[in-house]
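Each chain, written out:
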Amino acid sequence: MSLRGQRPHRRTVSAFLLAAALVAGVGGAVAPVSASTAHTSGPKPTVVLVHGVFADASGWYRTIAALQKAGYPVIAPANPLRDLSGDSAYVSSVLDSIDGPIILVGHSYGGEVITNAARGHSNVKALVYVAAFAPDQGESALQLAGKFPGSKLPDALRTRDYPLPDGGTGTDGYIDPAAFREVFAADLPSSQTRLMAAAQRPGSVGGLAGPGGAPAWKDLPSWYVIPTADNVIPAAAQRYMAQRAHSRTVEVKNASHVVMMSHPDVVVRQIIAAHQTTR
């Protein structure tokens, strides 16, 4: 591990997220967060968890359960996955609705979204990247994914066209279900990844090619979780992004791209570390 580097939201956590925390046990028990690790003085920030492409907010269930148990208010909004500017604007509107400090967390393409959405929000205290893109200005997810060898996504990508409101045609990207487990979630049971493959949310190819704006990580402290067996975003690419952002980084040996599902305890510790450092 390399190092650098209130009140809760007044609205009631929705019944959906409460139910999600109860259902989280279906995927396995969450490693406990120790009292010494979870303890902080004063009210806790709201943790906003932003998912990426080929997934939805259910990928955060085990993380949500552990954070709620530790007393953190949590929101895991549905990332539209249409285009970077629109997706970032949507997440920014969620941040507008939150009173008090925020820890903003992004997985995969969600990292690109939080890098843009955090701008202009003085109550965002830290960014946490989880197997994520952390682009500089002008960079896209597709550009960064191809910067280093090792991604198995290009050969497994399948596309479908969809109609745009202006009458044009957009293109969605999916992972071939036959390759989904190997590419996306190799450290999860095949019985689980078959369901994930069937229910995957596609991402607009145009959105993944969209250039990032001025990155919030240049002004905010950041933390990073790097799974070393990530077959979507090579670990070398994540190390490159984490180093230039001066992130406090932890690597999870042999973990897949969905490290927040297979190792939620590591992700939760990074989020709590971000809170403890920035409170």
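Let us look at the structure shown here. (Residues numbered from 1 in each chain as written. Predicted model: local features only at pLDDT ≥ 70, side-chain atom pairs only at ≥ 80, totals over all residues. Heavy atoms only, no water.)

A word on the packing of aromatic side chains. Scanning the model with the defined rule gives four aromatic pairs in all. Between the aromatic rings of Phe54 and Phe184, the centroid separation amounts to 6.1 Å while the plane-to-plane angle is 90°, which identifies the pairing as edge-to-face. Taken together, the residues Phe54 in the loop between β1 (46-50) and α3 (61-69) and Phe184 in helix α8 (residues 180-184) connect sequence positions 130 residues apart. Of the residues examined, Phe54 reaches a relative accessible area of 6% and is grouped as buried. Overall, Phe184 belongs to the buried group, its relative accessible area being 1%. Plain terms: the ring middles of Phe180 and Phe184 are 5.0 Å apart, the flat faces sit at 45° to each other, and that makes the pair tilted. Remark: Phe184 and Phe180 occur in helix α8; sequence separation between them is four residues, near one turn of the helix. Like Phe184, Phe180 is buried. Taken together, the ring pairs connect Phe54, Phe180 and Phe184 into an aromatic cluster. Positioned above the aromatic ring of Tyr72 is the side chain of Lys44, whose terminal nitrogen or guanidinium carbon lies 5.5 Å from the ring centre. The positively charged end of Arg82 is found above the aromatic ring belonging to Tyr162, 4.6 Å away from the centroid. (Phe/Tyr/Trp six-rings, centres within 6.5 Å; stacked < 30°, edge-to-face > 60°. Helix = DSSP H or I, 4+ residues; strand = E, 2+ residues; numbered from the N terminus. Buried < 20%, exposed > 50% of the residue type's maximum accessible area, 1.4 Å probe, protein only. Lys NZ or Arg CZ within 6 Å of the ring centre and 35° of its normal.)

Topologically, Asn123 is positioned in the loop between α5 (109-117) and β4 (124-130). A polar side-chain atom of Asn123 sits 3.5 Å from the main-chain carbonyl oxygen of Ile98. Contact partners of Asn123, with chain neighbours within four places excluded, come to Leu95, Ile98, Gly100, Pro101 and Ile102. (Polar contact = N/O pair within 3.5 Å; in protein donor to acceptor, adjacent residues only side chain to side chain. Contact = heavy atoms within 4.5 Å.)

Applying the stated criterion across every chain, the model contains seven salt bridges. In this structure, Glu139 engages Arg244 in a salt bridge whose closest nitrogen and oxygen atoms are separated by 2.5 Å. In this pair, Glu139 is assigned in the loop between β4 and α6 (141-145) and Arg244 in helix α11 (residues 235-244), connecting sequence segments 105 residues apart. Accessibility classification places Glu139 together with Arg244 in one group, the buried group. (Salt bridge = Lys/Arg side-chain N within 4 Å of Asp/Glu carboxyl O.)

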